[in-house]
Amino acid sequence: MAGIGKDDGERKQVTVLFADVSGSMDLAEGQDPEEWRKIMQRFFAILTEAVERFEGTVDKFTGDGIMAVFGAPIAHEDHARRACYAALQMLDDVADYAAELRRGPGLNFSTRIGINSGEVVAGAIGSGGTSEYTAIGHTVGLAQRMEALAEPGKAYLTESTAELAHGYMELEDLGQFEIKGASRPVQVFELAGVGSARSRLDLSRERGFSGFVGRGEEMAVLEGALERAQRSEGAAVGIVAEPGIGKSRLCHEFAERCRERGIEVFECQAQAHARSIPFMPVLQMLRSYFGIADGDSERIVREKIAGRTLLLDPEFAEDLPLLFDFLGVPDPHRPVAQLSAEARHRALRGAVCRLVRAPDRRESIVALVEDLHWMDEGSATLLGELISSVEGTKTLAIVNFRPEYSAEWAHTPTYRGISLKPLGPNDTRELIRDIAGEDPSMDGLAELVHERTAGNPFFIEEIVRGLAEAGNLEGERGAYRLARPVEDAGVPASVQTVLAARIDRLGPTAKHLLQAASVTSKEFSERSLGMVSGLKQSEDYDAALCELIDGGFLYEAELYPERVFAFRHPLTREVAYGTQLADQRAATHAATARALIELNPDRHDELAALIASHMESGGETLEAARWSARAAYWAGSSRPQDALRLWRKAMVLTEGLEETEETQAMAVMSRLLQLDFAWRLGMDNEEEARLTAEAEEIATRTGDLHSLALLKVATDVRPGMPHKAPAWLDAVAETIRLADASGDLHLRIAIRAAGSYAHLCSGDFEGFDRALDEVLELAGGDPRAGAGIIIGSPVAWATMAKGLVMRERGRLEEAEAQFNAALRVATEQGDPEIASWTRSNQALMLTMRGDLEAATALARRNCELTERLGDVFSRSLALSNLGGTQIAAGDYAGALDSLEEAERLYRAAVSDGDEMETWRAGLRSEALTGVGRAEEGLELAEWATGVARERDMLWSLPLTLQAVAIARAATGRDGAGIALDEAAEIARETGAMISLQAVETTRETVGAGHP
Ligand SMILES: Nc1ncnc2c1ncn2[C@@H]1O[C@H](COP(=O)(O)OP(=O)(O)OP(=O)(O)O)[C@@H](O)[C@H]1O
Ligand SMILES: [Mg+2]
């Protein structure tokens, strides 16, 4: 089988028990070996019998004792309880035997027992033909330590077992102990006896029930059935649901309502660990019916039985000896007739049915039988007869069971089945409100818990309790608040054992399928599961799928065009995943990746990240690196954060691989592209320097010119640096030279496009325009040429940027047409980044044209769209442009907000200056002056002017000078005119006609005393 090993072990939640003879060496010394052997054999027999009675497995004999496991190979949801029962029986039986030995050979003999619960790896171990099933893990060691710690004649258990057995067992807290091999002190308990709880519902009752929610319809069905019984029609109702859905609770609530109305209710319950004891539930029911209490003497019991039966029907006199005998109080004067076991059972069944059908009954009674799925055969047969005999009586029989039990009597006309559904989202919310309270800090918790538990109230209660224990919730039950966000809620041990037991009851193929499915995803197609599990579509496969659907593990989420299945329960998936060994899981992950590739030939790009993650979990590192790179490339500038994360992933994966041409290229590429996202998203300087150095080292060693050119872009050319125009332009020229030397056309285009920006910022519009023409010429009309190397589409960029030049030269109509064309290319090429820049430039163009309303609307819309990109560079740019349009519209306060946000965003990501900071500062200064903070405005504008001059950033210089002029005028200082003269001169020199116009307008307004 591909993907999944057959028998190489599983992770399981179990309880491990160690028992030994205390002081066996001393004992052995004074004893004839033969005699001693006999004693030990008897001792082992006692221990083994106790283990087997509670369906545990004797894992090994330890010389003077045993190790036993409960919950493996077959999981039992009550493994901890079973171990405790077995321990109690061992202590009793060994004590009896020890008394015998004291009287005989005069030996002093006792046993010590240690118990612990937790995860083990269970499976066959050994080599050749001698492999044996055994459990291994820390859990085992700790159980052994408990045994060593225990006093003679006592059983000690750890907090893990106590957590599961609490309430069912009486425990005495012995405090904390330092245990060798355990990292923290262990809370130790002594097993003192059987506790008062018999079912989970008893336990809930002890803890305090949560408020009862929902179940209106089901209650109505039960009420209807009761009415029928009251009309002497008789009725039987069966409630079916998975563990924890609330069968017992519904029955309990209904029983309480009946009792309040004076209707008698008799109950009994089958127990998982007591299946081997015949008729236990029937006995319980009869004791409840006759009102027999624990301390009643035999005579009283007989009187109770006789009194109740004879009042109903004197003919019961004949049945009395049998009933006495069955209930353990045989009447010495009326011995029961010698009958075969079979005949006795028949007689007993007859008597019980007659009790139900007794003609003189005036009042209705309710008989409640819980957990039929654990019923022994004798009781089950009796129950079947009882249900058939309620017809025409005043009896209402209510039973409940889990879906794996099939009731043969379900077709009886008086019977009605209710399949109990999980709680809906509203009921879940109400239940959580009841358990946890309504503190606003827990907003959203109900939805999270509902999603994880799929509305199973038991799971809901346990998860919330688990969160409180883990400290995520603080406060009191009913009034918690969130102290720590819930990231991984885990699966509480109590829930895990229930789910693991359900999974273990599946047939081997179904279980294998479920495990494979748990690795793949929440939803999967029939074909992909077939491939991943290695089970070709066969009858076996179909039958196993049916088993999983019928068992409520999976459901059909889609039928067309192909069958898709989904886990009904996220927790089942987690448990099924967790039961597998790492190797097996890894193999399935790899198989899942291959199935994804094979089954989705048209969707490789879109699935690349998922494929990569399965490959990684599957241990296929090279494949994982390749698919991560592909996913990163696909995310590109449209999803820069994903892209950065995926490139980082590809780099880390590559680090673990042997150096080959491919891995070297990948190592360089993954670093380069992370650097390429540094100017969009920000990156800390140290990391940037490290990535650069590493990439440079490999690229130089391998003579990779292509990468060296890109590295130069990343270190000296990219945006987001405090560039000085001359050096910047030199660096651009150098990268172009490197790119041309590499001969790679795409690279030549990409680098020219990226480098052209330096011309713009330095106010060299002619050089800018020339570079853009080169880009377009080299691309030869192919919009994909050079795409995705540094920016998305160089052609889209060049088309936009030529519009920018036109705008700066004051040719607004042409600029508009150009921007529209650029937007078309960017949209067609799936390049939201360049689309964003284009809209930014378009908004400013509209402002210059005087379309202020349209400009602000577009700038706002652009901010919204750009927000989704998650890219700091573009968002800051969009906000700055919005600020520009707001200033033009006279909304200085709004402008200041936008511009401060733009600045804050950029500064948080890029700390040491950038090519746009002077431009942003100029705008911000105007906004400051506009809101009456002209002193601050002046200071900022003068700073920006100084910086722009020093760096020769001639594009923004006229703007900052204009801001100086406005602020000077506003503060009543001289020199506004001088600043404007300089601004005009630079605008004229660079050919920025639009700036020149702006300067002249400002001259007029400043002259008129504005603002
Ligand atoms: N409608 C409900 N409102 C509030 N709490 C509920 C509701 N139904 C069940 N619960 C709680 O959920 C827990 C599990 O319920 P219950 O014991 O009735 O499940 P079950 O179906 O009988 O499970 P099992 O098959 O294991 O016996 C209990 O603590 C119970 O109080
Ligand atoms: Mg129950």
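Our structure's up above, just so we're on the same page.
The structure contained in this document is the topic of the report that follows. Note that this is a predicted model, so its numbers are computed, not measured.

### Remarks on the sheet that holds strand β11 (residues 365-370)
Move 1: A sheet is described by the order of its strands in space; here five strands give the open sequence β10-β11-β12-β9-β13, paired in parallel fashion. Of all the strands in the sheet, the pair left with one neighbour each is β10 (264-269) and β13 (415-419). For this sheet the average axis-to-axis angle between neighbouring strands, irrespective of direction, equals 15°.
Move 2: Contacting β9 (235-240), β10, β11 and β12 (395-401), helix α8 (residues 247-260) crosses the sheet at an angle of about 160° to β12.

### Here we look at the site of ligand 1
Move 1: Residues in close proximity to ligand 1 total 23 residues, the closest being R200, S204, G244, K247 and E461.
Move 2: Within the side chain of S204, one N or O atom sits 2.6 Å away from an oxygen atom of ligand 1.
Move 3: A distance of 2.6 Å is found between an oxygen atom of ligand 1 and a side-chain nitrogen or oxygen belonging to K247.
Move 4: Every element with two or more residues in the shell around ligand 1 is listed here: α6 (200-207), α8 and α16 (457-469).

### Examining the packing of helix α26 (residues 661-681) against helix α27 (residues 685-702)
Move 1: It is at 9 Å that the axes of α26 and α27 come closest, and there the two elements cross at 145°. The way α26 lies across α27 gives a crossing that is left-handed. Across the interface between the two elements, Q664, A667, V668, R671, Q674, L675 and A678 from α26 touch E687, E688, L691, T692, E694, A695, I698, A699, R701 and T702 from α27.
Move 2: Residues belonging to the contact of α26 with α27 are distributed by class as follows: eight nonpolar, four polar and five charged.

### Comments concerning the packing of aromatic side chains
The description of an aromatic ring pair uses the distance of the two centres, along with the angle that the planes make with each other.
Move 1: Enumeration according to the criterion identifies 20 aromatic pairs in this entry.
Move 2: Taking the centre distance of 5.1 Å and the plane angle of 80° together, the rings of F44 and F61 count as edge-to-face. A residue pair is termed long-range when its members are at least 10 positions apart, and F44 in helix α2 (residues 33-53) and F61 in strand β2 (residues 57-61) qualify at 17 residues.
Move 3: Overall, the relative accessible area of 16% leaves F44 in the buried class.
Move 4: On the basis of an interplanar angle of 75° and a centroid distance of 5.0 Å, the ring pair of F266 and Y289 is categorised as edge-to-face. Taken as a pair, F266 in strand β10 and Y289 in helix α9 (residues 280-290) lie far apart in primary sequence, 23 residues in all.
Move 5: The exposure class of F266 is buried, given its relative accessible area of 6%.
Move 6: Through a chain of ring-to-ring contacts, the aromatic side chains of W679, W728, Y757, F768, W797, W837, F873 and Y906 assemble into a single cluster.
Move 7: A cation sits over an aromatic face here: R81 above Y168, 3.7 Å from the ring centre.
Move 8: We note R249 situated over the ring of F209; from NZ or CZ to the ring centre the distance is 4.1 Å.

### Considerations on helix α14 (residues 425-436)
Move 1: End to end, α14 covers 16 Å across 12 residues, agreeing with the expected 16 Å (1.5 Å per residue, within 8%).
Move 2: Once α14 finishes, G437 follows within two positions and takes phi at roughly 95°, a positive value.

### Things to note about the environment of L322
Move 1: The residue L322 is located in helix α11 (residues 320-326) in this model.
Move 2: Owing to a relative accessible area of 11%, L322 belongs among the buried residues under this scheme.
Move 3: Expressed as a C-alpha distance, the spacing of L322 and H345, which sit 23 residues apart in the sequence, is 9.8 Å.
Move 4: L322 has contacts with V336, R344, A347 and L348, leaving out every residue within four places of it along the chain.

### Brief notes about empty space enclosed by the protein
Move 1: Applying the stated criterion across every chain yields a total of five cavities of 30 Å³ or more.
Move 2: In this structure, the largest cavity occupies an estimated 280 Å³ of space.
Move 3: Forming the boundary of the largest cavity are 23 residues, of which M285, V352, V356, A367 and L386 lie nearest the centre.
Move 4: Elements supplying a minimum of two residues to the lining of the largest cavity: β10, α9, α12 (341-357), β11, α13 (377-389) and β12.
Move 5: Looking at side-chain class alone, the lining of the largest cavity contains 20 nonpolar, two polar and one charged residues.
Move 6: In this structure, the second largest cavity encloses a volume near 60 Å³.
Move 7: Residue lining of the second largest cavity: E10, R11, K12, Q13, A75, A500, I503, D504, K511 and T579, and that is the complete set.
Move 8: Elements with a minimum of two residues in the lining of the second largest cavity: β1 (10-21) and α17 (493-504).

### Concerning the environment of H450
Move 1: Inspection of the secondary structure puts H450 in helix α15 (residues 445-453).
Move 2: Those residues in contact with H450 that lie beyond four places of it in its chain are L423, G424, P425, T428 and G455.

### Overview of unusual backbone geometry
Move 1: Each neighbour pair has its own omega, and for A72 with P73 the value is 0°, a cis peptide bond.
Move 2: Here P73 is to be found in the loop between β3 (65-70) and α3 (79-103).
Move 3: The backbone phi angle of E55 is positive, close to 60°, even though this residue is not glycine.

### Quick notes on the pattern of salt bridges
Move 1: Under the criterion given, the structure shown has 88 salt bridges.
Move 2: Across the pair E100 and R42 runs a salt bridge, and its minimum N-O distance is 3.6 Å. Separated by 58 residues along the polypeptide, E100 in helix α3 and R42 in helix α2 bring together distant segments of the chain.
Move 3: Residues R299 and E303 are paired through a salt bridge, measuring 2.7 Å at the closest nitrogen-oxygen approach. With a gap of four residues between them, R299 and E303 both fall in helix α10 (residues 298-312), about one helical turn apart.
Move 4: The network of salt bridges with shared partners includes E903, R907, D914, E917, R920 and R951.

### As for the packing of α12 against α13
Move 1: Packing of α12 against α13 leaves a shortest axis separation of 9 Å and a crossing angle of 30°. Relative to α13, the element α12 lies roughly parallel. The two elements α12 and α13 cross, and the hand of that crossing is right-handed. Contacts between α12 and α13 pair L348, R349, V352, C353, V356 and R357 from the former with T381, L382, E385, L386 and S389 from the latter.

### A closer look at the nonpolar core
Move 1: I790, W797 and W837 are the most contacted members of the largest nonpolar core, which totals 141 residues.
Move 2: Look past the residues within four positions of I790 in its chain and what remains in contact with it is D676, W679, R680, L710, V713, A750, I751 and A754.

Rules behind the numbers
Residues numbered from 1 in each chain as written. Chains lettered and ligands numbered in written order. Predicted model: local features only at pLDDT ≥ 70, side-chain atom pairs only at ≥ 80, totals over all residues. Heavy atoms only, no water. Pairing = 2+ DSSP bridges. Helix = DSSP H or I, 4+ residues; strand = E, 2+ residues; numbered from the N terminus. Axes fitted to C-alpha atoms, helices over the stretch in contact; angles between N-to-C directions. Contact = heavy atoms within 4.5 Å. Near = heavy atom within 4 Å. Polar contact = N/O pair within 3.5 Å; in protein donor to acceptor, adjacent residues only side chain to side chain. Left-handed = near helix turned anticlockwise from the far one by under 90°. Nonpolar A, V, L, I, M, F, W, Y, C, P; charged D, E, K, R; others polar. Phe/Tyr/Trp six-rings, centres within 6.5 Å; stacked < 30°, edge-to-face > 60°. Buried < 20%, exposed > 50% of the residue type's maximum accessible area, 1.4 Å probe, protein only. Lys NZ or Arg CZ within 6 Å of the ring centre and 35° of its normal. Expected span 1.5 Å × (residues − 1). 1 Å grid on protein atoms, 1.4 Å probe; cavity = no way out; pocket = protein on both sides within 12 Å on 5 of 7 lines; lining within 4 Å. Points joined across faces, edges and corners; volume = space filled by probe spheres on them. Salt bridge = Lys/Arg side-chain N within 4 Å of Asp/Glu carboxyl O. Parallel < 35°, antiparallel > 145°, perpendicular 65-115°, else oblique. Core = buried A, V, L, I, M, F, W, Y, C linked by side-chain atoms within 4.5 Å.

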